[in-house]
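Listed below are the residues making up each chain.
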Amino acid sequence: MNASCGLQTALRYLDQPTFARFKPRYWLISIALLPKVDSAITAGAGYNGRSSSIGAPYSTSWVIGSPPGLAVNATGERNSAITFKINSGDLIKEIRLDCSDTSPTFNALTNNLGLYDWLVRSASALNVNPSANADSPSYNTQITIRFNGDGSYSYAFPFGGAFVAASGSYSIDEQLQISMTPIDPPPKPYTVRTLPVADINSNVRNAAAISATVANQRLDLQQLQNTLRSLKAVQ
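Residues numbered from 1 in each chain as written. Predicted model: local features only at pLDDT ≥ 70, side-chain atom pairs only at ≥ 80, totals over all residues. Heavy atoms only, no water.

1. Some thoughts on the overall build of the protein
On a plain count of helices and strands, the protein comes out with four helices and eight strands. Secondary structure elements of the protein occur, N-terminal to C-terminal, as α-β-β-β-β-α-α-β-β-β-β-α. Every one of the 235 residues in the protein was classed for burial, and the buried ones make up 25%. By sequence separation, contacts in the protein at least 24 residues apart represent 79% of the contacts at least 6 residues apart. (Helix = DSSP H or I, 4+ residues; strand = E, 2+ residues; numbered from the N terminus. Buried < 20%, exposed > 50% of the residue type's maximum accessible area, 1.4 Å probe, protein only. Contact = heavy atoms within 4.5 Å.)

2. Here's the deal with the state of the cysteines
For the coordinates displayed, the defined rule picks out one disulfide. At a sulfur-sulfur separation of 2.1 Å, the disulfide partner of Cys5 is Cys99. Measuring handedness by torsion sign, the sulfur bridge of Cys5 and Cys99 sits at about -95° and is left-handed. Note that Cys5 is positioned in helix H1 (residues 2-14) and Cys99 in the loop between helix H2 (88-93) and helix H3 (115-124), a separation of 94 residues in sequence. Its relative accessible area of 10% is what places Cys5 among the buried residues. (Disulfide = S-S within 2.5 Å.)

3. Things to note about a nonpolar patch on the surface
Judged by side-chain polarity, Leu33, Ile82 and Phe84 come together as a nonpolar surface patch covering roughly 260 Å² of accessible area. Inspection of the secondary structure assignment puts Leu33 in strand S1 (residues 27-53). (Patch = residues over 30% accessible without salt bridge, like charges linked within 9 Å, V, L, I, M, F, W, Y side chains within 5 Å. Areas by Shrake-Rupley, 256 points an atom, 1.4 Å probe, with all protein chains shown as cover. Salt bridge = Lys/Arg side-chain N within 4 Å of Asp/Glu carboxyl O.)

4. A closer look at the pattern of salt bridges
If you walk through the whole model with that rule in mind, you get three salt bridges. Across the pair Asp15 and Arg25 runs a salt bridge, and its minimum N-O distance is 2.8 Å. Linking Asp15 in the loop between H1 and S1 with Arg25 in the loop between H1 and S1, this pair joins segments that are 10 residues apart in sequence. Note on Arg25: relative accessible area 33%, which makes it partly exposed. Notably, a salt bridge pairs Arg96 with Glu94, separated by 2.8 Å at the nearest N-O pair. In this structure Glu94 comes out as partly exposed when scored by relative accessible area, which is 22%.

5. Concerning the packing of aromatic side chains
Given two aromatic rings, their pairing is described by the distance between the two centres and the angle made by the two planes. Counting across every chain of the model gives four aromatic pairs. Measuring from centroid to centroid gives 5.3 Å for Trp118 and Tyr139, while their planes differ by 50°, and the two rings are tilted. Placement of the pair is Trp118 in helix H3 and Tyr139 in strand S5 (residues 138-157), with a sequence separation of 21 residues. For the pair Trp118 and Tyr139, a shared accessibility class is recorded, and that class is buried. Cluster of aromatic residues (ring-pair linked, three or more members): Tyr13, Phe19 and Tyr116. (Phe/Tyr/Trp six-rings, centres within 6.5 Å; stacked < 30°, edge-to-face > 60°.)

6. Re the packing of H1 against H3
Contact geometry for H1 and H3: axes closest at 8 Å, N-to-C directions at 35°. Crossing angle aside, the handedness with which H1 passes H3 is right-handed. Facing Asn2, Ala3, Gly6, Leu7, Thr9, Ala10, Leu11, Tyr13 and Leu14 of H1, the residues of H3 in contact are Leu115, Tyr116, Trp118, Leu119, Val120 and Ala123. Within the contact of H1 with H3, the residues separate by chemical class into 12 nonpolar, three polar and no charged. (Axes fitted to C-alpha atoms, helices over the stretch in contact; angles between N-to-C directions. Left-handed = near helix turned anticlockwise from the far one by under 90°. Nonpolar A, V, L, I, M, F, W, Y, C, P; charged D, E, K, R; others polar.)

7. Topic: the environment of Pro35
Mapped onto the elements of the fold, Pro35 is located in strand S1. Among the residues examined, Pro35 registers a relative accessible area of 37% and is labelled partly exposed.

8. Here's the deal with H1
In this model H1 runs 18 Å from its N-terminal to its C-terminal C-alpha over 13 residues, within 8% of the 18 Å that 1.5 Å per residue would give. Looking only at H1, the buried set comprises Ala3, Ser4, Cys5, Gly6, Leu7, Gln8, Ala10, Leu11 and Leu14. (Expected span 1.5 Å × (residues − 1).)

Next comes the structure, spelled out in C-alpha cells:
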C-alpha cells in the first residue's frame, strides 16, 4: 500500500505538460515483495566438578560435555514472494486506494520509502537532455529488523557447579523491488473510405495486445535482473 500510494502521488504530479516526455500514463509497473524470516534458538547445559584426596593428595577436574556443555541448536528460515503488476494510467485514475491509513504497526522505515522523490527526479532529468528517453526505471530497498537475546544461570556445589545458557535471534528481512517498463499508447481507430465498397474500420485490438505482451516480457526480465543484483555474495 505504501509503495502504491507513493507511486500514485508521483505519477499524478508528473501528469502535466512539463513532463510530457516521461509519458506517466504509459508505464507497466511491477511491485515485488520478498519477505524473509530467520530464527535461531540455542540452549546449553553443563556441569563441572572437582575431586581430591587427603591421604595421597591429588586433584582432578572434569566437565560433562564440551564447553559450554550439552547444547541444542534450532534454526528456521521462511521465504516468500509475490509480484503485483499495475498500469500507470489506471493507478493515476484510481480513487479507491486508501493512502490516509497511518497505522502505528507499520515499520517507520517503510513509511518513508522516498518513491516520490525518486520518480520525480528521474522524470525531471529528461528535461536536461532533450535527446534522452527514460527506459526501465527500477527501485530496490531492503529493510532488516533483528532481535537478539541471551541468558545464563550457574549454581555452585561443594565439589563443582552446574550452568545453563540460552540464546536466540529473530530477524525479518523486508525487500521491495519496483520495476517499470514503457508501453506503447494504444493505436487510435480510424476509418478508411474506398469506392465503391462500404467503410472499412481498422482492427487495432491485435496491435494493442502485442504491445502489452512485449511489455510484460520485458518487465519479467527486468525483475529477474533486479533480483540477481540484490543477491549477496557468499564468501
